[in-house]
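Chain by chain, the residues:
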Amino acid sequence: LLLVLLVVVVVVVRIYNKIPVVEQIQFKEETRLNAEDPGKNKGLFITYHTEPGASSSLGDSNVVPWTCDGTNAGLDDNSRVLLQPVLRSYFNFTTMIQTNLKILVMGDSVGLQLSEYLQSVLRRPVEDNMHSINATTTAATTIPSSPAVLKLAYGTGRNAPAIHVTAPLALDETIDKHSGSVSGSGAIAGWRLVGMFLPGSLGWAQANWNHGWLLEDVESLRGYVSNATSKTLEHTTSQKNITIVKKNRTKNVVVSSEVSGNFDVYIFRISSPSWIPFEDVTEETLQTTIKLANQLFGVQVVVFVSMHYCNNVESQQMREELNRRNQMVSRFSENWTETMYHRRNSDEWDSKGDRGVHTVYFFDQGRLNDKLMEANAQLLGFDTTSSVYTDIKLEKTRKSSVDRTVGQICAEKVPHGSKDCIRNAVSMDGMHMCMNIVGPRLVAGLACQLQCAYQEEESKINGMIGGPSSWFCAEACNDKYMNLTAMV
């Protein structure tokens, strides 16, 4: 009898697992781990708080350039609809973050979106608490209400920042005895760069149009963050020598090694197809990018943001190659994190203060983008069982020299070659997402992953556990937020 019952249970479980269900996620209003325990992870923390309701329509946003509304309808200024009711359960919340981490976001304009939105959803201390601290000081540090722009992007036409930073993010309650100022901690910076971050690109290029970078920009950003977050006015001028290999030649350069100018996290958005060739995205360039970010900015946690389908993907062959490259980046990141996890738990690890990168994650924004495009195309009546629906494009125009996919940006089904369409509420232009709708989900996913990195011993948050390292925790964040799952 027991054997029969066991067989029945197994059969029922197998049948149940094959039944398609709409996944719904139960989550706490606020997720906080070790934020009050400075003994772990050197007191570094990130928390995120979710509020239901506000992004279910085209509401206000602090990030004006990335808000999709009637005044920013699209490339041809056509009309835009509200978010369709069937999609609202996926975006019926907003996200606020609070952190003392120093986070650098680097990449193309999609990376710029992410950095600007992160800065806009910072939860700052309650004003009363700030005043109670500041009342005892004469020159108190304050949290800036808007980012400082250290460099403008070249040729964007809207004075978009190339390098911008908000710091500090939190006020410490320690008061400098000499100045009476309250020290701060944390920073969120954005750095616009098209291409991989490589030593060979040192010294050429304006920010935005290609992959160049300048050493003086590195020093400018580090100096700003150091001044904003240092716990003492007595700055040192400590420096370190690093070797840059450029065109098979080595060049020794000197950079600041002031610890207060270091960053904790490096989020790198891999540039869109056509901005760089797929051949530039290899395990070698990923490893070189990680090493350079560690050398120049001291980061120890790296997050690669996946490429996604966009206007620049001109054929099914390009889309297949994009998916292959993303899979390679994911495997590379997993291997790095797993290897370093085992190394950190062996005699190979320098327990006296190794400053190498110990964690690399893969943030799958591309998955969310593709899921949204498919869902939108289905609402328009396209057959999405085959990827050929993406071949239905709008006509190229004077304002848009790229093909725009109807199923991605439109709120109505129009024939191939149409001049334009009424736009939807999730894709701004076929490249950038409407951050007033999609932004909260992206920020929640990133904050979730960073909790995995900085709370490794407690990576069981919300049931996210699947192995010894934090990789499984980070992937569970992708499954939770980079999918179309209802938030309840």
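Caption draft 1: Looking closely at the overall build of the protein chain. If you tally the helices and strands in the protein chain, you get 10 helices and 18 strands. Each of the 488 residues in the protein chain was classed as buried or not, and the buried ones make up 56%. Put simply, 72% of the contacts in the protein chain that link residues at least 6 apart link residues at least 24 apart. Surface accessibility of the protein chain: about 22200 Å² in total, with carbon and sulfur atoms responsible for 52%.

Caption draft 2: Molecular detail of the environment of Thr229. Secondary-structure assignment places Thr229 in helix H4 (residues 215–229). Separated by 60 residues in sequence, Thr229 and Leu169 place their C-alpha atoms 9.0 Å apart. Excluding residues that lie within four positions of it along the chain, Thr229 makes contacts with Lys102, Ala167, Pro168, Gly184, Ser185, Gly186 and Ser260. From its side chain, Thr229 meets the backbone oxygen of Ser260 in a polar contact 3.3 Å long.

Caption draft 3: Molecular detail of H4. Along its 15 residues, H4 runs 21 Å from first to last C-alpha, staying within 8% of the 21 Å computed at 1.5 Å per residue. Those residues of H4 that fall on the buried side of the exposure criterion are Leu215, Asp217, Val218, Leu221, Arg222, Val225, Ser226, Ala228 and Thr229.

Caption draft 4: Just empty space enclosed by the protein, in detail. Applying the stated criterion across every chain, the model contains 5 cavities of 30 Å³ or more. By volume, the largest cavity amounts to about 90 Å³. Lining the largest cavity are His308, Tyr309, Asn369, Leu372, Met373, Gln408, Val426, Ser427, Gly430, Met431, His432 and Met433. With 3 residues, the top contributor of residues to the lining of the largest cavity is helix H7 (residues 365–380). Looking at the lining of the largest cavity, its residues break down into 6 nonpolar, 6 polar and no charged.

Caption draft 5: Quick look at the packing of helix H5 (residues 283–297) against helix H6 (residues 316–344). Relative to each other, H5 and H6 sit at 50°, their axes nearing to 10 Å. Here H5 lies oblique to H6, going by the angle between them. Between H5 and H6 the crossing geometry is right-handed. Contacts between H5 and H6 involve Glu283, Leu286, Gln287 and Ile290 from the first element and Met328, Val329, Phe332 and Trp336 from the second. Within the contact of H5 with H6, the residues separate by chemical class into 6 nonpolar, 1 polar and 1 charged.

Caption draft 6: Fine view of the state of the cysteines. Applying the stated criterion to the full structure yields 4 disulfides. With a sulfur-sulfur separation of 2.0 Å, Cys410 is cross-linked through a disulfide to Cys421. With the S-S dihedral at roughly -85°, the linkage between Cys410 and Cys421 falls on the left-handed side. Of this pair, Cys410 sits in the loop between helix H8 (406–409) and helix H9 (435–454) while Cys421 is found in the loop between H8 and H9, placing the two residues 11 residues apart along the sequence. For Cys410, a relative accessible area of 0% puts it in the buried group. The residue that forms a disulfide with Cys448 is Cys477, at a sulfur-sulfur distance of 2.1 Å. As the torsion about the S-S bond is roughly -70°, the Cys448-Cys477 disulfide counts as left-handed. With a gap of 29 residues between them, Cys448 in helix H9 and Cys477 in helix H10 (residues 471–481) connect regions that are remote in the sequence. Here Cys448 matches Cys477 in class, with each residue buried.

Caption draft 7: Main features of the confidence of the model for the protein chain. With 70% of its residues at a pLDDT of 70 or more, the protein chain shows a mean pLDDT of 76. Low pLDDT (under 50) marks residues 1–41, which in the prediction has 44 contacts with non-local residues, meaning those over four places away or in another chain.

Caption draft 8: Up close: the environment of Tyr48. Note on placement: Tyr48 falls in strand S3 (residues 46–52). Here Tyr48 falls in the buried class, since its relative accessible area comes to 2%. When the C-alpha atoms of Tyr48 and Val121 are compared, they prove to be 9.8 Å apart, with 73 residues separating the residues in sequence. Within the structure, the side chain of Tyr48 is placed 3.1 Å from the side chain of Tyr481, a separation counted as a polar contact.

Caption draft 9: Here's a closer look at the sheet that holds strand S5 (residues 102–107). Taken together, 7 strands build an open sheet; the order of strands is S6-S7-S10-S5-S13-S14-S15 and the sheet is mixed. Across the chains shown, the open sheet's two edge strands, defined by having one partner strand only, are strand S6 (148–152) and strand S15 (359–363). The sheet shows a mean angle of 15° between the axes of neighbouring strands, direction not considered. In the sheet, S5 pairs with strand S10 (residues 187–192) via 6 bridges, with the strands oriented parallel. Looking across to S10, one finds that Ile103 is bridged to Ile188.

Caption draft 10: Examining the pattern of salt bridges more closely. By the definition in use, this model includes 8 salt bridges. For the salt bridge of Lys419 with Glu395, the shortest nitrogen-to-oxygen distance reads 3.3 Å. Of this pair, Lys419 sits in the loop between H8 and H9 while Glu395 sits in the loop between strand S16 (393–394) and strand S17 (404–405), and the two are 24 residues apart along the sequence. Take Lys419: its relative accessible area is 60%, and that puts it in the exposed class. Bridged by salt links that share partners, the residues Glu321, Arg324 and Arg325 form one connected network.

Caption draft 11: Up close: the nonpolar core. Trp191, Phe197, Trp213, Leu221, Leu296 and Phe297 are the most contacted members of the largest nonpolar core, which totals 127 residues. When residues in this core are grouped by element, the largest group, 13 residues, is from H9. Among all residues touching Phe197, those that are not within four sequence positions of it are Met106, Trp213, Tyr266, Phe268, Thr288, Thr289, Leu292, Ala293, Leu296 and Phe297.

Each value, and the rule that gives it
- Residues numbered from 1 in each chain as written.
- Predicted model: local features only at pLDDT ≥ 70, side-chain atom pairs only at ≥ 80, totals over all residues.
- Heavy atoms only, no water.
- Helix = DSSP H or I, 4+ residues; strand = E, 2+ residues; numbered from the N terminus.
- Buried < 20%, exposed > 50% of the residue type's maximum accessible area, 1.4 Å probe, protein only.
- Contact = heavy atoms within 4.5 Å.
- Areas by Shrake-Rupley, 256 points an atom, 1.4 Å probe, with all protein chains shown as cover.
- Polar contact = N/O pair within 3.5 Å; in protein donor to acceptor, adjacent residues only side chain to side chain.
- Expected span 1.5 Å × (residues − 1).
- 1 Å grid on protein atoms, 1.4 Å probe; cavity = no way out; pocket = protein on both sides within 12 Å on 5 of 7 lines; lining within 4 Å.
- Points joined across faces, edges and corners; volume = space filled by probe spheres on them.
- Nonpolar A, V, L, I, M, F, W, Y, C, P; charged D, E, K, R; others polar.
- Axes fitted to C-alpha atoms, helices over the stretch in contact; angles between N-to-C directions.
- Parallel < 35°, antiparallel > 145°, perpendicular 65-115°, else oblique.
- Left-handed = near helix turned anticlockwise from the far one by under 90°.
- Disulfide = S-S within 2.5 Å.
- pLDDT = per-residue confidence, 0-100.
- Pairing = 2+ DSSP bridges.
- Salt bridge = Lys/Arg side-chain N within 4 Å of Asp/Glu carboxyl O.
- Core = buried A, V, L, I, M, F, W, Y, C linked by side-chain atoms within 4.5 Å.

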